[in-house]
Each structure stands twice: as structure tokens, then as C-alpha cells.
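# Understanding the architecture of this molecule
These are the residues of each chain, in order.
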Amino acid sequence: MKQSLFRKKDVIELCILYIVCFMLEFMLENIKNIKINIEIVEYFLSGFARYKIPIVLLFSIVVVVYHYQFVFRKKKEIYCRILVGDTLQDIKKRYILENVTILLLNYLLFNVISIYLDIDVFKNSYLFFCFLMYILVSTSGMKNYESI
Amino acid sequence: MKNIIEININEKVYSKKKEESLSILNKFNLEVKEGEKLSIVGESGVGKTSLLNILGLIDSDFDGTYRLFGEDTLKLNEKEKAKLRNKKIGFALQESALIDSLSIEENIKLPLMYIDSKDQSFDQKEYNEMIHTIGIESILKKKPNQCSGGQRSRAVFARSIIMKPNIILSDEPTSSLDVENKEKIMNLLFKMNEKYNTTIITVTHDLEVANQHDRVIRLERSK
Amino acid sequence: MRAFKFFVNKIFLRKIVLCISVIFLMLFVNYTVFSSSRTLISSYQGSKQMQSMNPENSYVGMENVSDDEQDISEEKVQEVYKYLEKNCQYSMYHEGEMIHIPINNEITEIPITYINEEYYKLSNIELSKGKKLNFDFKFSKNAEIPVLVGNELAKDYPIGSKIKIKTGSFDKKIVLKVSGVLKKDFCYTNNRLFCSQEYQNFSIIFPVNRSVIKNANLDLLENGLYNLIILNTNKESANKVSKVIKDKLNINIEFMSREQNKAFFDDYLYSAIRFIGIIVGIILLITMSISIWNVIVSVRLMKKDFTISLLTGLSYSKLRKILYSFYTLMFSADTMIVFLIIFFDRKRAWHEKNSYGCIYGVLGLADKDWMALLIVIVVDVIVGTILVESMMYKIKKIPISLGVLQ
């Protein structure tokens, strides 16, 4: 991790955002299974369940913000690392790898919970691929800081 | 003494946006000998920093040839260039070139992260001596934003020499320093040159600093 | 204004991801607040309407669903109605049946609601045109049944016009004659889901009297029994009705007094408010935390811009004003988006000819929609204040010095 752009605080921050997004997805997915026996509440919740995907994708913008600010904040570090012998390509590779590891851990965590609760697993895969896309897109932002 | 830098630039096109491209360093040739102290002066926007980027193997996007230590750098891949930067080139830049989230010591030791494990040449005794000479023992555990401008400049300088490079490229290393610190940094730079025969290339606006070098070259805007 | 324009164009919009994220997060907050407020407002309105149908000394029938097999036949149901006619003053209705009639030369499905005279009196139906509903008629082969029609339906079927229909409630085709037009946006509360209001702009209100009951099919008669209210009676008589229905049809219908009913509704509504409150509270807490994080990130990324502006003469109070104006702009965009979602949702009801959902309202929105939007604006003001003040707090913590710029 010594060559990593991630600090402990960055990892915690990203994990919290992934957990919030996966949790939201998990809740909206399973709202219909909750039996509250108050029709008004069920009716209210059904409105959220109906728009599950747009709501979750709308909310996932926070992860885009995270990557955006991360790459922006790290531009000096990227520049310093290149000066002392790193390459942009390696920095990008490590960035993708570490990001995907953090994402995968969170994704698996929620699917293990789903298995434990005997709920359909891998329903959140679309969100996983969406986050994967965010990671790849954010990597392209690194090229701007290649030179002094 | 042999030449360690031989560069011929026909043209370097600098562009932020496609429609705003600027041609600099037209028909520029330079040879630098081992152990030479060279300073580059010139008005803003003439291409001093771009030249430093090219010499430091950060930028290879130019029309021309560049031989470093006799090797054609245009044939090197990114990894080979990075290795050269790590072992043979030191960058002494302005005080802001430090990673804020790392301590001063971690910043100084950053180049050590990129050396091969079998190629460990780090000597703790020598390191301690260098830190003592530069006078930054008291701030090693501090973060850059807890230090003064002079302390940060000295930390950047310490990072640039930790690998005992063959070339030190410095970009306005004294621009934000007071007279006392300016002298200190320049003395350290020249001491490196005396002790290890390190080639020094300094980009500066300060003629007093420039005149302390063996050779001064003035870059002029292309006509 | 110049400083505001400069900040928007040169600073905020340059970090477009941050602006979009605020808009998205606040859209989520606005939708959540809107949706919960509207559900609670319509539930409250619904419970009030339901309670108004339950005057002093009246008993509302509620089915106790059991596994016992029901023994329903037309003959036995008629006997129950005979008992009711003889011994009680009762209100009944049957809603939800759909019929097909030509509207604008196009066959359209519309709802028909059957109500008896007592129900008509209880529900305070207001008319925009025509006469009150007449229950004094004989249901015969050539009879023209006087009906009320919804405001939109009246455009094709004005007062005096006739509608020929075939419904599942009667064996033969019947002719309806429009005698009155319901007031715009008149609605009934769905008694099974009283946060849902059924608008009657496309409906037909059909009067039910003794002769109608005699000629009706099981469909109308049986459903009518599930919506019984016994009026001006006591617990004993209500229990007797319950026993008759049980004995004849094996259906368990329990009659609840006004007090029991009120307690039930109050308890039901309280539980709903509590649940929805907790859910919305959690959502708001999480979204607010993320929004505050977003604010901190924004300050981190725009630190240099703020510092330069403050060094060149911008005061904190002016910066605060700029931030409030900018957030007002973004929150207004969000409120507008929520308005458009609701607007097109209401429009869709007209387009899809969803009869119960078609309303006129002000700008196409129902009163409860407007009330919920008002709550959204209040929440936006609170949330906006919290976000701007958090941002100002973070900005004030930046030491304004050249060091920041280096």
C-alpha cells in the first residue's frame, strides 16, 4: 500500500459511500417483502420500490463525486510520484485495482448478507457494474496531471 | 568530460486547447557535460519549464532527439524512463511540490518506494547526515502544511538528492525564500555538485542565482 | 448580481459534478418528503371523510376474513336485504365496477358506483349542475334511471342525455338518464386504502332503491353487504344484523361503533405516521450526512477560488448571500422537477383514461399535491440553511493566506 494513492481515511470514506448505496439498493429491493400490515405504509413504500433503479442510480452520484474529488485532490501526489520514478500507467493500474478491491469487498458483503437472510443474491449487480464504470471513467481524469 | 545530455529540439508544440497551440523551443540544441552547472533564464512563457519537463523525461512529446547518458530516450518505454527519473534525476522544485497527506520524512523517502528490493542502496547514516546538513530534523514528523515555506523548500531539495542522482533539475528552487534560506539551498546544491560531480540545471528568473552557475543560457521567444 | 454571475459561471459550474450531485441528492430528498407528505395528507383527509360517514349511533360493518366457506346465493342475499329493509336504516354502496360507453366516438371504460339513499345523504355529494339524485323510481324494463355523472363525462353526456349500458349487476341492458353533474374533482376515499382518493370526474353514480335491489345480480348485492353502515341503532341491533348475515351467508361481518371506529382510525393513522416518520427520518439523516460531506468536498476543491475571491475583496456576508442564492436556484430546480413529475403523472391518468386518477386541480395538481409541495419548500429552506451554514463554517476555517494559494 506504500505506493497507493489511498490513505486510511480515503478507504473509509469510499466504503461508507458504497455501503450507503448498496444498503439503499438492498432496502428498496426488499421493501416489498416487508409485512407491516399498515396499508398506507406499504402503499408509500411501494412508490419507492417502483422507482428503485432510478433512485439508486441517482443516489450513486455520490460515488462519482468521490472519484472526482479524489483524482482532483491527488493531482499533486500523482505529479510528485511521477517525478520520483513512478509512471502514470502504473498509478492508474494501482488505482483501478485498489478501487475494484474495495468495491468487490462491499459488493460481496451485501451478497453474503443476502445469502444469510435467504434473499435473492446478485440483484445489486447492475450497481456493481455502474460503480466499475465510474472507476474506469475517473481514471481517464488522471491524464491531466501528467506533466508539471 | 563527456556529454551526458545531448538534445536537439526542432519544435515543441504546447497546447492547452486545440485551437490555442503555441510553438516553443524551435531549433533548440543543448549539450551538457557531466558535473556542469548550467542555468537557464528567459522571460515567462518562453519554454523553460517545458524544457525541464523534456530533460526530466516527463514529456516526450516534441519533434527532435534527446540522448541522455548516451541513450536515445525516445526509444525508452515509460518504465525505463521512470527508472531513470528515480535513480539518476532529482527534481528540486518549489516548496509546493510535496504531498500534503504524508509527513516530511515520508515525502523525502518517496523515491525509495520505487527502487527494486534487490537494488537497495539506501544508507541510513548518510541519510541522517544529509538531514542534519539541510537542517530539517525537527520537522521530519510534521505534515507540509505545518512547516514554513523555507522548511518545505529544503524538504523538496532533500527528496531530490536522496538517491544521489547524476542530474538535479531545479525549477525556481529559491523563488519563495528569504536571502538566508536562498543561500542555504544554493550552497547545498553546489555541495552536491562538488561531492558527487552531480550535474546541476537550474531554471530561474534570479540573475544572481543564475550567475553562480558555470554557464548561463538565455531562452528567447521564437520569431 | 455580477459577483453571483461570476461565481456561478466561473466557479460553481466549473465543478459541474458537485452541482449535479447536490441537485440529485436534493431531488431524492424532495421526492421522499413530497411522497411521504402527500401520503399522510391524503390519509388524514381520507380518515376524516371516513369518519364523517360514521355519525352518532351508527355502526360500520367490517368483514372478518375467515377460512369458513361462504354459502352465498341470490335468494339468501335477498333475504338479508329484506331483513335490513324491515328492521334497519342502512347505507350501502358498491364501487369499482367498470362499464364501457362511447366518449368522443371512442369506447371508453368508466367506473359506475351504486349507492343507496342513506349513503347519498351521508356522503354530502355536491353538484355543479342539475338536480339532486332521485331515489323514487321503479326499476322496470323501460325505466330511465336518473343518475349523476362526473364533470368530464358531462361534456359528452349533459343533463337530460341518455346512456345505454350493460353491466354485470343486472341481466338486461338499462337506460340511464343524466339528472345532475358532480362538482369538479369530487372524490371518494378508498375504504380499504384511505390514503388513496378516487376521483369521480368520469364516474356515474347510480341510485339504489328497493326495486333496484330486487332486480340486481349477486355482484351488486354481495358487495353492498361488505360496505354496510347501520344508522340510528344500538350495538344489540347491529349485532343482530351481523348474526343474520352469518346465519344466512356464513360471512363474518363485525359492526363497529363510531367510538371504536374513531379509535381504530386514530390508531391506524398514528402507526402509519410513526412508520413513515421513522423511514423518512432515516432517509433524511443519511442524505443530509452525504450532502454535508458533499459540501465539505466542495469547499476542499474550491478552496483556492474562495481564497482568491476573499483576498480580492469579497466579504463573508456577500459570499453567504451568493451561496444562499445559488442553493435557492438549485433547490428551485429540484422543486420544479418534482412538480413536473407529479404534473406528468396526473396528465398520464388522462392520457391512459385512468378514470379514478383524472383530476382538474390547479395546474393539473390536486390540493394535496400542492400542500405536499409546500412542505417540500419548507424542508428545502431548512436543508438549504444547514448546507450553506456548514459550507460557511468550513470556508471560515480556511486561513486566508497566500499559503493556501501555493
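All values reported here derive from a predicted model rather than from experimental measurement.

Another point: the overall build of chain B. Scanning chain B from N- to C-terminus turns up seven helices and 10 strands. The buried share of chain B, taken over its 223 residues, is 52%. Partitioning the contacts of chain B with sequence separation of at least 6, the portion at a separation of at least 24 is 72%. In the structure as shown, chain B presents an accessible area of about 11000 Å², 44% of it carried by carbon and sulfur atoms. The positive charge centre, built from 35 side chains, and the negative charge centre, built from 35, are 2 Å apart in chain B.

The next subject is the overall build of chain C. A count of helical and extended segments in chain C gives 11 helices and 13 strands. Taken over the C-alpha trace, chain C has a radius of gyration of 29 Å; the compact-globule value for 406 residues is 22 Å, which it surpasses by more than 25%. Principal-axis analysis of the C-alpha atoms places the extent of chain C at approximately 95 × 50 × 35 Å. For chain C, with 406 residues in total, the buried portion stands at 52%. In chain C, 79% of the contacts between residues at least 6 apart in sequence involve partners at least 24 apart. Here chain C displays about 19400 Å² of accessible surface, and carbon together with sulfur accounts for 56% of that area. Between the centroid of the 50 positive side chains of chain C and the centroid of its 40 negative side chains there is a distance of 12 Å.

Two numbers describe a pair of aromatic rings. These are the distance of the centres and the angle of the planes. Scanning the entire structure with this criterion turns up 36 aromatic pairs over all chains. Consider the rings of Phe59 of chain A and Phe28 of chain C, whose centres lie 5.3 Å apart with planes at 75°: the pair is edge-to-face. Of the two residues, Phe59 of chain A sits in helix α3 (residues 52–59) while Phe28 of chain C sits in helix α2 (residues 16–52), which places them in two different chains. The pair Phe59 of chain A / Phe28 of chain C is uniform in exposure class, with both members buried. Taken together through their ring pairs, the aromatic side chains of Tyr18, Phe22, Phe26, Tyr107, Phe110, Phe122, Phe128, Phe129, Phe131 and Tyr134 of chain A make up a single cluster.

Here we take up the interface of chain C and chain A. The interface is formed by 37 residues belonging to chain C together with 28 residues belonging to chain A. For the pair chain C and chain A, the summed buried surface comes to about 3000 Å²; carbon and sulfur atoms form 83% of the total. Linking chain C with chain A are one salt bridge. One salt bridge in this structure joins Glu13 of chain A and Arg300 of chain C, with 3.6 Å as the shortest N-O distance. The tally of links between chain C and chain A comes to three residue pairs in polar contact (both at pLDDT 80 or more). When contributions to the side of chain C that touches chain A are tallied by element, the ones reaching two or more residues are α2 and α8 (258–311) of chain C. Among the elements that line the side of chain C that touches chain A, the one with the most residues is α8 of chain C, at 17 residues. For the side of chain C that touches chain A, the residue count by class is 24 nonpolar, nine polar and four charged.

Here we come to the domain arrangement of chain C. All names here are of chain C. What the domain assignment reports for chain C is domain 1 (2–49 + 263–405) and domain 2 (66–251). Its C-alpha centre places domain 1 at a distance of 45 Å from the equivalent point of domain 2. Counting residues at the interface gives 20 residues for domain 1, matched by 25 residues for domain 2. Note on domain 1 versus domain 2: buried area summed over both sides is about 1900 Å², and carbon and sulfur give 55% of it. Sorting the residues of domain 1 by area buried against domain 2 places Ser355, Tyr356 and Tyr360 first, and these three jointly supply 42% of that buried surface. Applying the counting rule to domain 1 against domain 2 returns zero salt bridges.

A few words on helix α1 (residues 2–12) of chain C. Residues and elements named next belong to chain C. Turning to α1, its buried residues number three or more, namely Phe4, Phe7, Val8, Ile11 and Phe12. Along α1, the residues classed as buried sweep out an arc of 120° about the axis, all on the same side. Where α1 is buried, its residues meet α2, α8 and α9 (316–351).

Many analyses report the size of an interface as the accessible area lost when the parts associate. Tallying the contact residues gives 21 residues for chain A and 22 residues for chain B. Roughly 2000 Å² of surface becomes buried between chain A and chain B when both sides are summed, with 62% attributable to carbon and sulfur atoms. Linking chain A to chain B there are two salt bridges. The partner of Lys76 of chain A in a salt bridge is Asp100 of chain B, and the shortest N-O contact between them spans 3.5 Å. Those elements that place two or more of their residues in the side of chain A that touches chain B are α5 (75–83) and α6 (88–116) of chain A. When residues of the side of chain A that touches chain B are assigned to their parent elements, the largest contribution, seven residues, is made by α5 of chain A.

Our next topic: the nonpolar core. In terms of nonpolar packing, the biggest core is built from 105 residues, with Tyr18, Ile40, Phe48 and Phe131 of chain A together with Phe12 and Tyr327 of chain C touching the most fellow members. If you tally residues by element for this core, the top one is α8 of chain C, at 17 residues. In contact with Phe12 of chain C, not counting residues within four places along its chain, are Phe7, Cys19, Met302, Phe306, Ile322, Leu323 and Phe326 of chain C. The next biggest cluster of nonpolar side chains, apart from the first, holds 66 residues, and it includes Ile7, Phe28, Leu76 and Cys147 of chain B.

Before going further, it helps to spend a moment on the UniProt feature "transmembrane region" (unreviewed entry) in chain C. All names here are of chain C. Feature annotation in UniProt places "transmembrane region" (unreviewed entry) on residues 12–34, 275–301, 322–344 and 370–388, given in this structure's numbering. Here residues 275–301 is 100% helix and 0% strand, with 39 Å between the C-alpha atoms at its ends. Across residues 322–344 one finds 100% helix and 0% strand; the C-alpha atoms that close the span lie 33 Å apart.

Residues and elements named next belong to chain C. With eight of its 11 residues buried, strand β4 (residues 106–116) lies for the most part within the structure. For strand β3 (residues 93–103) and β4, the ladder comprises nine bridges, and the chain directions are antiparallel. Note that in β4 the partner of Ile103 across the bridge is Glu106. Relative to strand β11 (residues 204–208), β4 runs parallel, the two being bridged by five bridges.

Here we come to the packing of α8 of chain C against helix α10 (residues 367–397) of chain C. Residues and elements named next belong to chain C. Direction vectors running N to C along α8 and α10 enclose 45°, while the axes themselves pass 8 Å from each other. Classified by the angle between their axes, α8 and α10 sit oblique to one another. Of the two possible hands of crossing, α8 and α10 adopt the one that is right-handed. On the side of α8, the interface is formed by Met288, Ser291, Ile292, Val295, Ile296, Ser298, Val299, Phe306 and Leu310, while α10 contributes Val383, Ile386, Leu387, Ser390, Met391, Lys394 and Ile395. Taken together, the residues of the contact of α8 with α10 break down into 12 nonpolar, three polar and one charged.

Rules behind the numbers
- Residues numbered from 1 in each chain as written.
- Chains lettered and ligands numbered in written order.
- Predicted model: local features only at pLDDT ≥ 70, side-chain atom pairs only at ≥ 80, totals over all residues.
- Heavy atoms only, no water.
- Helix = DSSP H or I, 4+ residues; strand = E, 2+ residues; numbered from the N terminus.
- Buried < 20%, exposed > 50% of the residue type's maximum accessible area, 1.4 Å probe, protein only.
- Contact = heavy atoms within 4.5 Å.
- Areas by Shrake-Rupley, 256 points an atom, 1.4 Å probe, with all protein chains shown as cover.
- Lys, Arg positive; Asp, Glu negative; His and termini not counted.
- Charge placed at Lys NZ, Arg CZ, Asp CG, Glu CD.
- Rg over C-alpha atoms; globule rule 2.2 N^0.38 Å.
- Phe/Tyr/Trp six-rings, centres within 6.5 Å; stacked < 30°, edge-to-face > 60°.
- Buried area = accessible area lost by both parts, 1.4 Å probe.
- Salt bridge = Lys/Arg side-chain N within 4 Å of Asp/Glu carboxyl O.
- Polar contact = N/O pair within 3.5 Å; in protein donor to acceptor, adjacent residues only side chain to side chain.
- Nonpolar A, V, L, I, M, F, W, Y, C, P; charged D, E, K, R; others polar.
- Domains from an automatic or database assignment.
- Arc of directions from axis to C-beta.
- Core = buried A, V, L, I, M, F, W, Y, C linked by side-chain atoms within 4.5 Å.
- UniProt positions renumbered as here; feature names shortened; annotations may be inferred.
- Pairing = 2+ DSSP bridges.
- Axes fitted to C-alpha atoms, helices over the stretch in contact; angles between N-to-C directions.
- Parallel < 35°, antiparallel > 145°, perpendicular 65-115°, else oblique.
- Left-handed = near helix turned anticlockwise from the far one by under 90°.

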